[in-house]
Amino acid sequence: SSADIPTVYALFEKIASDVGVGLQVLDVSRVSDDTEKAQGPIRPVPVILRFANVDYGKLKQLLTALETNIRLTSIESIAYDPLNQSVSISVLIYSFTQ
């Protein structure tokens, strides 16, 4: 729900801060109709993240932090630009249906 957005933002901002990178973009995508019709109490929510000041060592730390944070997160894709030290990461987070 939209009420959960500040919590999601705070989570990824904290991860960025802990790793020492900057969070530039947090895009929470709309859930598709198929996902909204899914049975069960949990649904995946697509999120696109973009981080700045990411060298290779920090990229590895960032991926570990994303995979082990308190909120269940699945990494879907990574686009790393080592020259500009930026990375875009598509993840799925999971939330309870209301």
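Every value quoted in this text rests on a predicted model; they were computed, and no experiment measured them. (Residues numbered from 1 in each chain as written. Predicted model: local features only at pLDDT ≥ 70, side-chain atom pairs only at ≥ 80, totals over all residues. Heavy atoms only, no water.)

What follows is about the overall build of the chain. A count of helical and extended segments in the chain gives three helices and four strands. Going residue by residue from the N terminus, the α and β elements of the chain occur as α-β-α-β-α-β-β. In the chain, which comprises 98 residues, the share counted as buried stands at 32%. Long-range contacts, defined here as pairs at least 24 residues apart, represent 58% of the contacts in the chain between residues at least 6 apart. (Helix = DSSP H or I, 4+ residues; strand = E, 2+ residues; numbered from the N terminus. Buried < 20%, exposed > 50% of the residue type's maximum accessible area, 1.4 Å probe, protein only. Contact = heavy atoms within 4.5 Å.)

Below, the discussion takes up the packing of helix 1 (residues 5-19) against helix 3 (residues 56-68). Their axes nearest at 10 Å, the elements helix 1 and helix 3 cross at an angle of 145 degrees. Crossing hand, helix 1 versus helix 3: right-handed. For the pair helix 1 and helix 3, contact is made by Phe 12, Ile 15 and Val 19 and by Lys 58, Gln 61, Leu 62, Ala 65 and Leu 66, respectively. In terms of residue class, the contact of helix 1 with helix 3 is made up of six nonpolar, one polar and one charged. (Axes fitted to C-alpha atoms, helices over the stretch in contact; angles between N-to-C directions. Left-handed = near helix turned anticlockwise from the far one by under 90°. Nonpolar A, V, L, I, M, F, W, Y, C, P; charged D, E, K, R; others polar.)

Inspection of the secondary structure assignment puts Gln 61 in helix 3. On the basis of relative accessible area, Gln 61 is assigned to the partly exposed category, the value being 45%. Sequence separation between Gln 61 and Ala 16 is 45 residues, and the spatial gap between their C-alpha atoms is 9.9 Å.

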